[in-house]
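# Structure assessment
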Amino acid sequence: MSRKTALPTSVGKTLFSEEIRDYFTVLDVIYADQFEEESIDRETAEQAEEKFLRGATPEWLNFHIGDLAGMGSGSAFIKRDGYKRLVQQIHKRRNYIGTPTVKLLHQQGCGGTTLAMQVLWDMRKTLRCAVLMGSPLECTKIAKEVVHLFTGGSKDDLNTVLLLINEEFVLEHLQDSIMAEIEEQQIDVDIPVVILFICVRSDHAVLKAEHYRKQEGFKKGHDTDYVILKRTLSDAEKEELDTKEEELTQKYGAKVSQFHGFNILHSNFSRDYVQEACAVLNTVERKRKPLKTQLLSFLCLLNAYVPGSYLLESDCLDFLRHDNSLQGDLSLVTLMQPFSHLIVSFHHDKRCEKRIRMAHPMIAKYCTELLSIAGVARSDTARNFLHRFCPDEVSPCLLGFIKDLLTKREHKKDGSIEDSDMEKFSTLILHINEIEDKNQSASVLKVASKKFDKNSLFPQALARLCYGELEDFKEAEFWAKKAIERDPKKSFIADTLGQVHKNHLKNKRLSVEPRELLQLAQTAIEAFEHEEKLAEEEHRKSLTEDEKSKVLWGLNTTGQFGFLQVCNILFDLLVIQNETWKEVLTKNVPMGSVLESLGDNKLFRFRDLIENLREKVEKKMEFFDNFLIYSQSILKKDKAYVSREVSACYKKYVGDSVPEHNDKLQQTFQKLKQKLAFTSAGVLSCQDRTCTSHIEYIIEWWREISQGTNSTTDAFVNYILAQIMLSNKNKAVSTPDYKNALKLKKPPSSVTQAEYHLLSLLLSWPTNDEDKPVPHLYQLIKNLSHAYEREYKTMFRSRYLRPLFFLGPGTSLKRFVHRRVLEISWTKDALQESNTNWKNESIFTEDMVKEQLLKVEGVVRNYRVYVRFRGTEVEVDANRKDCLCRSGHVSFYLGFTIKGPIAFSIQRKLLATEGDQKIKTPDHAEASSNGMTETGADVA
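What you see is a predicted model, and the numbers here were worked out from it, not measured in a lab. (Residues numbered from 1 in each chain as written. Predicted model: local features only at pLDDT ≥ 70, side-chain atom pairs only at ≥ 80, totals over all residues. Heavy atoms only, no water.)

## Considerations on the overall build of the chain
Basically, it comes down to this: Secondary structure is summarised from DSSP: a helix means a run of H or I of at least four residues, a strand means a run of E of at least two, and numbering begins at the N terminus for each. Burial here depends on accessible area, computed with a 1.4 Å probe over protein chains only, as a share of the maximum for the residue type. Under 20% is buried, over 50% is exposed, and the range in between is partly exposed. Residues are treated as being in contact if the distance between any of their heavy atoms lies within 4.5 Å.
Counting its secondary structure elements, the chain contains 40 helices and 23 strands. Among the 940 residues that make up the chain, the fraction classed as buried is 54%. Within the chain, residue pairs in contact and separated by at least 24 positions form 70% of the contacts whose partners lie at least 6 positions apart.

Structure, rendered in structure tokens:
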């Protein structure tokens, strides 16, 4: 008879056969009856408990033993203060649908992983609990297993999955994959499919969350989906731990002194305790260090700088056996005396061999400091580790730890929490730079670069160090090219060579001859243009791959941005030497006519470079306008300085004058360029960039152009869009029949810009007082979608399309509410950067935002949402796919992106007689009292 496994349902637990256990490859499922039919002897229980108390990662067996505390087989777990709130948040999210999230943000070494596992263990008989063991990037595989666990292999026994993910990543990809799997299996859902329990170990994430909590906009009605755990104890926790310490002393006696994992917690993370525990290292000498001391230094360095890192026990034993004085087959504990109490061994699972690490990150960090004081410098340890511990072929896991040790960059500790940049180097390299010498950092990276001679990350980091810290641009160029040799098709690797030349140019003194500046700028530009071609090739190649099987990364734009930075630097360096360069670079005068005043006839060989700069700058400005106005990153926020630097460079090359020798049309174009309103995206950014008076000038200039004899449809589109922008400034605008005028302007070619189709759709959208149906609306939406796919789909792939307008209650052009107007109402700050997270829809909790929008009626059916107009239904996209799990009548706000109409803040409409159960979302108001209930779904 096959062994059974139990999964909970809403009415108890249902038994399943062994087959369901065999299905899971990326999920570690915690079954409701785990260990219940197993007999755990006292010795096994005590060994497991001791190992955990000493600092090893807990196993599920530890929690089972804790449950048996009353039976004399173990001691109960201490539950940190965040436990109750996490459980409350998870229970609350059981009332939502889709894929809601709860986050635990914790500092390294404070017990966050243990707390998360405790929550999962305690909820295993209520929810179907699992830990993600594979990569979060395997979205399709994870989605299939999550849905299989949700259904229990049958659509008759649905129950929410609680999935613990010990890593921060882009949730949208996984959430969309799970909802796509639900749709494919045609499962009608009225409970959450999965609650994503994200456990994030990051000091920066903790600081960022605390920063948000202080923000006025974040407090208003927004139910936070995270709990913070820090390296500090409350009074209640201290009392519990005092009691626990007495219990452990009675049970284990003197052994308790070496339970460092527990004792550090009990001491409230006391540095004094850590110093006492590590006192054995005070006698370490620099010379003739035995292998066990070297191994300890390796473990300390790795665990101090790479959270979650470890070494395999077999590799440690192989290293120690090089000591010829050792005899016999001794255990690692024996071989590592007197340091053994500082080290713990543990199993990740029964299929893997033992892993070795320091008992606690605080111990690892302090030991590293002690060793440094004793003369065992961090750089020496790192080099020795690479030379002596790492064989010719290292495991992928160890190589990953070494990459993190030497190349992983963390968020800066200072600066804006909300938009912080990454450090230039890994924390270890930064510390070696600060404590020892930058040349020592270079030496470590050189050893890694030569040791791992196929890896491109180490020479890349070395090149960055050479140009950024040592200002050795020749050496930096060598290593940047070495990195490219190893990975010639990767655009981010190619970027480093451009950065080398760009920083070399930036470092040049003002006395340098223009010829040398131009030569260096040309080299940098060629490097960045090469990177841009590689990025486009990467993007094209990824389009042909199976989009469902992997995360789709966005287009790398650093090459184009680097190009503009070089142009910006070159402009300043040349103009400060001779004002004539300003006329040359803005193309107000040809270069050949002013060579004499520039003082160097040999500059003529750079004519092609110089004459093409303005055109290329304008082209890249247009790209970034479209890229940043129409879309935003879902991986991380777009850096605000990118838009600022792009605009600053563009303005320099466009110039601040309007040449009189140009005809009137060209003069008008020049004025529009100076106001950054020469494209549709530029016009649509007027709310962000210009004051009302500028918008009025922009309207007049586009009116002049659109009325010209050779005017294009695009000019008329921009004229109307500018009128809409002005109406959002509460200014009176003319309201002729733009809809028919636009039709008359349409060129015979079917290849029309997406902006034309967007405006056609806006002007044709039905108003409340129209009784007739709108049969052509579907075709207008289709036309816009096709235009988007033709012009922008590739560019915006894997980016979130920002809403441009929302439908409001006004009339004519005034009923289109620009995104920026709502953002200012939400943040109460017109100067704050436009980085609202439209995906989570929390902005719609603000009354001042809702008052400016029109609520429309619709219906969800077959995982699609339709807007209704007096007997007509038109399909629109949903901002959040998890709102489409259940069919029924809905209401929502209607937004418009460059792709088409989008339903935001979808709320279900349930008759009060349908029952008391409500599907809620923290982002929306509680039920209204008019006999109808408006509700929605939650996704973070």
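## Considerations on the packing of helix α29 (residues 640-654) against helix α30 (residues 664-674)
To keep things clear, this is the line we draw: Where helices are involved, their axes are fitted lines through C-alpha atoms of the stretch in contact, as for all axes, and angles between N-to-C directions lie from 0 to 180°. In what follows, roughly perpendicular refers to angles from 65 to 115 degrees, roughly parallel to angles under 35, roughly antiparallel to angles over 145, and oblique to any angle outside these ranges. Should the near helix be turned counterclockwise from the far one by less than a right angle, the crossing is left-handed, whereas a clockwise turn marks it as right-handed. Any residue that is not Ala, Val, Leu, Ile, Met, Phe, Trp, Tyr, Cys, Pro, Asp, Glu, Lys or Arg is counted as polar, Gly included; the first ten are nonpolar and the last four charged.
One way to put it is that α29 packs onto α30 with a least axis distance of 10 Å and a crossing angle of 155 degrees. By the angle between their directions, the pair α29 and α30 is classed as roughly antiparallel. As α29 packs across α30, the resulting crossing turns out to be left-handed. For the pair α29 and α30, contact is made by Y650, K651 and V654 and by Q670, K673 and Q674, respectively. Across the contact of α29 with α30, the residue classes tally to 2 nonpolar, 2 polar and 2 charged.

## Here's the deal with the sheet that holds strand β7 (residues 194-201)
To keep things clear, this is the line we draw: We call two strands paired when DSSP finds no fewer than two bridges between them.
Spatially, β3-β5-β6-β7-β4-β8 is the arrangement adopted by the 6 strands of the open sheet, whose pairing is mixed. Edge positions in the sheet fall to β3 (27-30) and β8 (226-229), since each has one partner strand and no second. Going across the sheet, the axis of each strand differs from the next one's by a mean of 20 degrees, ignoring polarity. Inspection of the sheet shows strand β4 (residues 101-106) paired to β7 by 6 bridges, in the parallel sense. The residue bridging K103 from the neighbouring strand is I198, located in β7. Its contacts with the sheet put helix α4 (residues 82-93) on β4, β6 (161-165), β7 and β8, and the angle it makes with β4 is roughly 165 degrees. In this fold helix α5 (residues 112-122) packs onto β3, β4, β5 (128-132), β6, β7 and β8, with an angle of close to 160 degrees to the strand it touches most, β7.

## Here we look at the packing of helix α13 (residues 291-305) against helix α16 (residues 361-373)
In contact at an axis separation of 8 Å, α13 and α16 are set at 125 degrees when each is read in the N-to-C sense. Here α13 is positioned oblique relative to α16, judged by the angle of their axes. Crossing hand, α13 versus α16: left-handed. Facing S297, C300, L301, N303, A304 and Y305 of α13, the residues of α16 in contact are A364, K365, C367, T368 and L371.

## A look at unusual backbone geometry
At the junction of Q337 and P338, the peptide bond is cis and its omega measures out at 5 degrees in the coordinates. A positive phi is found at N268, a non-glycine position, where the angle reads about 60 degrees. Along the chain, the position of N268 falls in the loop between α11 (260-266) and α12 (271-277). Given the relative accessible area of 24%, N268 is considered partly exposed. Of note, the phi angle at S905 is positive, near 50 degrees, even though the residue is not glycine. Relative to the helices and strands, S905 is located in strand β22 (residues 901-911).

## A few points about a negative patch on the surface
Operational definition: Patch building starts from residues that exceed 30% relative accessible area and form no salt bridge, then joins like charges within 9 Å and nonpolar side chains (Val, Leu, Ile, Met, Phe, Trp, Tyr) within 5 Å. Residue burial considers only the protein chains on display, and all accessible areas are found by Shrake-Rupley using a 1.4 Å probe. The salt bridge definition used is simple: a Lys or Arg side-chain nitrogen within 4 Å of an Asp or Glu carboxyl oxygen. We score Asp and Glu as negative and Lys and Arg as positive, and we do not count His or the chain ends. In this description, the location of a charge corresponds to atom NZ of lysine, CZ of arginine, CG of aspartate or CD of glutamate.
A grouping of D81, D235, E239, E240, D242 and E246 is seen on the molecular surface, where their side chains present a negatively charged patch. Summarising the element assignment, D81 is placed in the loop between α3 (60-67) and α4.

## Here's the deal with the environment of G98
Checked against the element boundaries, G98 lands in the loop between α4 and β4. Spatially, the C-alpha atom of G98 lies 7.0 Å from that of V194, the residues being 96 residues apart in sequence. Among residues more than four places away in sequence, those in contact with G98 are M179, I191, P192, V193, V194, D882 and C885.

## Considerations on helix α22 (residues 473-486)
Which entries qualify depends on this criterion: For a helix, the expected span equals 1.5 Å multiplied by the residue count minus one. When we speak of the arc, we mean the arc of directions from the helix axis to the C-beta atoms.
In this model α22 runs 20 Å from its N-terminal to its C-terminal C-alpha over 14 residues, within 8% of the 20 Å that 1.5 Å per residue would give. All buried positions along α22 are accounted for by F473, A476, W479, A480, A483, I484 and R486. Taken end-on, α22 shows its buried residues confined to a sector of 165 degrees, consistent with a single buried face. Residues of α22 that are exposed and point more than 90 degrees away from the buried face comprise K474 and E485.

## Some details on the pattern of salt bridges
One pass over the structure, following the stated rule, counts 38 salt bridges. A salt bridge links K144 to E181, with the shortest nitrogen-to-oxygen separation between them at 3.4 Å. Taken together, the residues span a long stretch of sequence, with K144 in helix α6 (residues 139-151) and E181 in helix α7 (residues 171-184) at a distance of 37 residues. Residue classification places E181 among the buried residues on the basis of a relative accessible area of 8%. We note a salt bridge from K438 to E469, for which the minimum N-O separation is 3.1 Å. With a gap of 31 residues between them, K438 in helix α20 (residues 438-451) and E469 in the loop between α21 (457-468) and α22 connect regions that are remote in the sequence. Connected through shared salt-bridge partners, E183, R864 and E875 make up one network.

## A word on the pairing of β7
A large share of β7 lies buried, amounting to 7 of its 8 residues. By the bridge criterion, 5 bridges tie β6 to β7 in an arrangement that is parallel. Note on β7: the bridge partner recorded for I165 is I198.

## Considering the packing of aromatic side chains
Worth spelling out the cut-off: Only centres within 6.5 Å qualify two rings of Phe, Tyr or Trp (six-membered ring in Trp) as a pair; their planes then separate them into stacked at under 30 degrees, edge-to-face at over 60, and tilted for everything else. Lysine and arginine charges are scored as sitting over a ring when NZ or CZ, respectively, is within 6 Å of the ring centre and within 35 degrees of the ring normal.
Applying the stated criterion across every chain yields a total of 41 aromatic pairs. With a centroid separation of 6.1 Å and 45 degrees between ring planes, the pair formed by F35 and W121 is classed as tilted. Of this pair, F35 sits in the loop between β3 and α2 (42-54) while W121 sits in helix α5; the two residues are 86 residues apart in sequence, bridging distant segments of the chain. The class of F35 is buried, set by a relative accessible area of 14%. For K673, the ring lying beneath its charged end belongs to F678, and the centroid distance is 4.9 Å. Between R861 and the ring centre of Y866, over which it is positioned, the NZ or CZ distance is 4.9 Å.

## A few points about α29
The periodicity of an α-helix, 3.6 residues per turn, causes residues three or four places apart in sequence to face the same way. If you check α29, its first and last C-alpha atoms are 22 Å apart, about what 15 residues at 1.5 Å a residue would give, namely 21 Å. Inspection of α29 places A640, V642, V646, S647, C649, Y650, Y653 and V654 among the buried residues, and these make up the whole buried set. Looking at the packing, one finds that the buried side of α29 touches α25 (558-577), α26 (580-585), α28 (607-630), α30 and α32 (686-689). G655 lies just past α29 and shows a positive phi near 90 degrees.

## Considerations on the nonpolar core
Stated formally: Grouping buried Ala, Val, Leu, Ile, Met, Phe, Trp, Tyr and Cys residues that are joined through side-chain atoms within 4.5 Å yields what is termed a nonpolar core.
Among the nonpolar cores identified, the biggest contains 127 residues, and F197, L295, M358 and L406 are the most heavily contacted of them. Ranked by residue count, the leading element in this core is α13, at 10 residues. Excluding residues within four positions of it along the chain, L295 makes contact with L311, C316, F319, L320, L332, M336 and F389.

## Details of the confidence of the model for the chain
Segments scoring low in pLDDT should not have their predicted coordinates read at a detailed level. Rules: pLDDT expresses, on a scale from 0 to 100, how confident the predictor is about each individual residue.
Of all residues in the chain, 89% attain a pLDDT of 70 or more, and the chain-wide mean is 86. Segment residues 216-222: pLDDT under 50, and 14 contacts once partners within four positions in sequence are set aside and those in other chains are kept. Counting interchain partners and residues more than four positions distant, the pLDDT-below-50 stretch residues 546-551 has 11 contacts.

## Remarks on the sheet that holds strand β10 (residues 343-346)
Within a beta sheet, neighbouring strands are joined by backbone hydrogen bonds and run either parallel or antiparallel to one another. Overall, antiparallel pairing links the 3 strands, which are arranged β9-β11-β10 in an open sheet. Sheet topology places β9 (311-312) and β10 at the edges, where each strand pairs with a single neighbour. Where β9 lies against strand β11 (residues 355-358), 2 bridges are found, and the strand directions are antiparallel. Bridge pairing in β11 places L312 opposite R355. The strands touched by α13 are β9, β10 and β11; relative to β11, the strand with the most contacts, the crossing angle is about 80 degrees.

## A closer look at the environment of K675
Tracing the backbone through its elements, the reader meets K675 in the loop between α30 and α31 (680-684). Sequence separation of K675 and C686 is 11 residues, and the distance between their C-alpha atoms is 9.0 Å.

## Description of the state of the cysteines
Here is the rule we go by: In plain terms, two cysteine sulfur atoms within 2.5 Å form what is called a disulfide here.
Going through the model one piece at a time under the given rule, you end up with 0 disulfides. With no disulfide of its own, C885 lies closest to C883 among cysteine sulfurs, the gap being 8.0 Å.

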